[in-house]
Amino acid sequence: MYSECEYGDFSIARYRNWAKSGVPFTESRASHVRSHFSGSTRHLFEGNPSETSFDKAKGYMTNAELEKAVKEFGRRCSNISRIYSIGKSVSGFPLWVIEISDKPGVEEPEPAFKFIGNVHGDEPVGRELLILLANWICDNHVKDSLARLIVENMHLHILPSMNPDGYALKRRGNANNIDLNRDFPDQGALVANYPWDGTQDKRSFLLSVYRKVMSLFIYGSCAEDGLIWTNFRRYYYGCPDDEAFQFLASVYSRSHYNMSLSTEFQGGIINGASWYPIYGGMQDWNYIYGGCFELTLEISDDKWPSAEELPTIWEYNKMSMLNLVASLVKTGVRGRIFSSDSGRPLPGSITIKGINYTVNAGRAFADYYRLLTPGKRYEVMGSMPGYKPKSTSIWLEETATADFILDPDSALKDNTPRSICDCSYDSKAKLVLLEFLLGFHMEVCFVLIVIGALLCFLLKRRQKFTLGKHKQSPKRSVVV
């Protein structure tokens, strides 16, 4: 997928002394560090050798300790969280997920964000950062406005380790030696017939009932932010939402301690295909099949940095992670789609003129969330089979609300369900009704007619009330 990841081009360890000294980190200092380390190279496709002179996992949580930390979080923060498992790895490790929300486990008309760590077993920094992130939100959601915004306005799902088997083996792939970020259907593949590797490593969480609007998964081999469309030859290939991905990646980069200072990756971000192409990647699959905007974060030059560096890495990335999650409710267009004849929600779709990508509304509430770059004018269209599409033009400063009330298409009227209050009949139906009425006393017929008319009046009144409620919108909102 087109994942826009922001990378700074040198590791956190190289800046640790600057941070401790209190001296501001400037571009001149960055140039000095880069020249000092100019001989170093990345080996992104090499697994760390297991024969090392030291235990590189020292100070990191074991899988058992990670499970304990997740369950302890669930007990300590039960008022805003839910712990659930999406299955087990090949070796039997539970794949635990932390959900954070003011109503965990309840489907609401709210967007969802997912974090995925430890996709590659030998890149474990993400699993550590995600536990720190969850605990920080729990500790600060009452007193910190950003944490409160996240808890009250979305569902945040955190999978600290997607590959606990690889972590235990200290290698890139899982227990079947499958690279989990090379094992998804490529563009054009039939997902239903795709030969999965037989594991449960990435099953229902990626296509769960909670529609994930945005996602970030964390590597540990290079400091940058990566963009989607990765399965192309090595040149820049933008997806339909290239501008939005660049904007979201820049939100992370600009909030980071030094990522945006990179000279190797302009602004700390890069298009995935222009850096190095991959096939079977999770980013493209999420965007094409799951309707989810996914970014890839490379957190440092070292896949397995010393555990002593973890507190510094956390401080450098904390605001970036929080601001990226918050951008889900601070950016783009949102709203719901309704039927004009019954007031019921319609699970339709949203398109933007000039962007070849469709966002589907939820089935339960017909709510949609369309991530877009702010500071531009967009023509937004809501549609649903059997209904006439409607469109509206909006100027997007940060976020806007656009609700659509669609009218049934008269050309397809015979093929669409009638309103429960539809009191109209064709000529044949009128004859049947007349024969029915003649078989009863007029008094009984009169009573039945009065009762029917009353019921129809009450249902129509309720319908108008329902539509009236949905039209009560916040500022910068439109009803079409």
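Thresholds, definitions, all that
Residues numbered from 1 in each chain as written. Predicted model: local features only at pLDDT ≥ 70, side-chain atom pairs only at ≥ 80, totals over all residues. Heavy atoms only, no water. Helix = DSSP H or I, 4+ residues; strand = E, 2+ residues; numbered from the N terminus. Buried < 20%, exposed > 50% of the residue type's maximum accessible area, 1.4 Å probe, protein only. Contact = heavy atoms within 4.5 Å. Areas by Shrake-Rupley, 256 points an atom, 1.4 Å probe, with all protein chains shown as cover. Arc of directions from axis to C-beta. Polar contact = N/O pair within 3.5 Å; in protein donor to acceptor, adjacent residues only side chain to side chain. Phe/Tyr/Trp six-rings, centres within 6.5 Å; stacked < 30°, edge-to-face > 60°. Lys NZ or Arg CZ within 6 Å of the ring centre and 35° of its normal. Pairing = 2+ DSSP bridges. Axes fitted to C-alpha atoms, helices over the stretch in contact; angles between N-to-C directions. Parallel < 35°, antiparallel > 145°, perpendicular 65-115°, else oblique. Left-handed = near helix turned anticlockwise from the far one by under 90°. Salt bridge = Lys/Arg side-chain N within 4 Å of Asp/Glu carboxyl O. Expected span 1.5 Å × (residues − 1). Core = buried A, V, L, I, M, F, W, Y, C linked by side-chain atoms within 4.5 Å. pLDDT = per-residue confidence, 0-100.

Moving on, we come to the overall build of the protein chain. Scanning the protein chain for helices and strands turns up 12 helices and 17 strands. Sorting the 480 residues of the protein chain into buried and exposed places 51% on the buried side. Across the protein chain, the fraction of contacts at a sequence separation of at least 24, relative to all contacts at a separation of at least 6, is 76%. Total accessible area computed for the protein chain in this model is approximately 22600 Å², and 55% of it derives from carbon and sulfur atoms.

Among all positions of helix 5 (residues 145-153), only Leu146, Ala147, Ile150 and Val151 are buried. Angularly, the buried residues of helix 5 cover 135° about the axis, an arc narrow enough to put them on a single face. Where helix 5 begins, the side chain of Asp144 points an oxygen toward the backbone nitrogen of Leu146, at a separation of 3.0 Å.

Let us now look at the packing of aromatic side chains. Applying the stated criterion to the full structure yields 11 aromatic pairs. For the pair Phe293 and Tyr357, a centre-to-centre distance of 5.8 Å together with 80° between the ring planes defines the contact as edge-to-face. Of this pair, Phe293 sits in strand 9 (residues 293-298) while Tyr357 sits in strand 12 (residues 355-360), placing them 64 residues apart in sequence. Judged by its relative accessible area of 10%, Tyr357 is buried. By the ring-pair criterion, three or more aromatic residues cluster together here, those being Phe245, Tyr287, Phe293 and Tyr357. Above the face of the Tyr167 ring, Arg127 is positioned so that its terminal group lies 3.7 Å from the ring centre.

Within a beta sheet, neighbouring strands are joined by backbone hydrogen bonds and run either parallel or antiparallel to one another. Strand order across the open sheet formed by four strands is 12-11-14-15, with antiparallel pairing between neighbours. This sheet does not close on itself; its edge strands, each paired only once, are strand 12 and strand 15 (390-396). Averaged over all pairs of adjacent strands, the angle between their axes in this sheet comes to 25°, without regard to strand direction. Pairing between strand 11 (residues 349-352) and strand 12: four bridges, direction antiparallel. Each residue of the ladder has a partner; that of Ile352, found in strand 12, is Ile355.

Let us now look at the side chain of Ser383. Its location among the elements puts Ser383 in strand 14 (residues 376-383). According to the relative accessible area criterion, Ser383 is buried, its value standing at 19%.

On to the packing of helix 7 (residues 242-255) against helix 10 (residues 310-330), then. Contact geometry of helix 7 with helix 10 gives a least axis separation of 7 Å together with a crossing angle of 150°. Comparing their axes, helix 10 and helix 7 come out roughly antiparallel. You can see that helix 7 and helix 10 cross each other, and the crossing is right-handed. Here Leu248, Val251, Tyr252 and Ser255 of helix 7 come into contact with helix 10, specifically with Asn317, Met319, Ser320, Met321, Asn323, Leu324 and Ser327.

On to the pattern of salt bridges, then. Going through the model one piece at a time under the given rule, you end up with 14 salt bridges. Between Glu99 and Arg82 there is a salt bridge, with its nearest N and O atoms 2.7 Å apart. With a gap of 17 residues between them, Glu99 in strand 3 (residues 94-100) and Arg82 in strand 2 (residues 81-88) connect regions that are remote in the sequence. Residue class for Arg82 comes out partly exposed when judged on its relative accessible area of 26%. Measuring nitrogen to oxygen at the nearest pair gives 3.7 Å for the salt bridge that ties Lys390 to Asp407.

Moving on to the pairing of strand 16 (residues 399-406). Taken across its eight residues, strand 16 has seven buried, putting it largely inside the fold. As paired elements, strand 10 (residues 332-339) and strand 16 share six bridges and run parallel to each other. Directly across from Phe338, in strand 16, lies its bridge partner Ile405. Strand direction decides the pairing type here: strand 16 and strand 17 (residues 477-479), joined by three bridges, are parallel.

Topologically, His256 is positioned in the loop between helix 7 and strand 8 (269-271). Judged by its relative accessible area of 8%, His256 is buried. Separated by 59 residues in sequence, His256 and Glu315 have C-alpha atoms that sit 9.0 Å apart. Engagement of the side chain of His256 in a polar contact is seen with the backbone nitrogen of Met259, the distance being 3.1 Å. There is a polar contact of 3.4 Å between the side chain of His256 and the side chain of Asn317.

Turning our eyes to something else, we now look at helix 4 (residues 125-140). Along its 16 residues, helix 4 runs 23 Å from first to last C-alpha, staying within 8% of the 22 Å computed at 1.5 Å per residue. Extensive coverage of helix 4 is indicated by the burial of 13 of its 16 residues.

Strand order in the open sheet made by the four strands is 13-10-16-17, with mixed pairing throughout. Taken across any chain shown, the strands that pair with only one partner, and hence form the sheet edges, are strand 13 (367-370) and strand 17. The average undirected angle you get between the axes of adjacent strands in this sheet is 15°.

Within the largest apolar cluster, 82 residues are counted, with the highest numbers of intra-cluster contacts made by Ile100, Phe113 and Phe115. The element contributing the most residues to this core is helix 10, with 10 residues. Those residues in contact with Ile100 that sit more than four places away from it in its chain are Phe73, Ile80, Ser81, Ala134, Ile137, Val151, Met154, His155, Leu156 and Ile158. Core analysis: the second largest hydrophobic core is formed by 13 residues, Ile86, Leu159, Leu180 and Phe217 among them.

It is worth spelling out the confidence of the model for the protein chain at this point. Of all residues in the protein chain, 67% attain a pLDDT of 70 or more, and the chain-wide mean is 77. The low-confidence segment residues 1-53, where pLDDT is below 50, has 173 contacts with residues more than four positions distant or belonging to other chains. Taken together, the stretch residues 464-475 has pLDDT below 50 and engages in 14 contacts with residues farther than four places along the chain or on a different chain.

The next point concerns the packing of helix 3 (residues 63-76) against helix 4. At their nearest, the axes of helix 3 and helix 4 sit 11 Å apart, and the two run at 15° to each other. Our classification of the angle between helix 3 and helix 4 gives roughly parallel. In this structure, helix 3 crosses over helix 4, and the sense of that crossing is left-handed. Each of Asn63, Leu66, Ala69, Val70, Phe73 and Arg76 in helix 3 lies in contact with helix 4, whose residues at this interface are Arg127, Ile131, Ala134, Asn135, Cys138 and Asp139.

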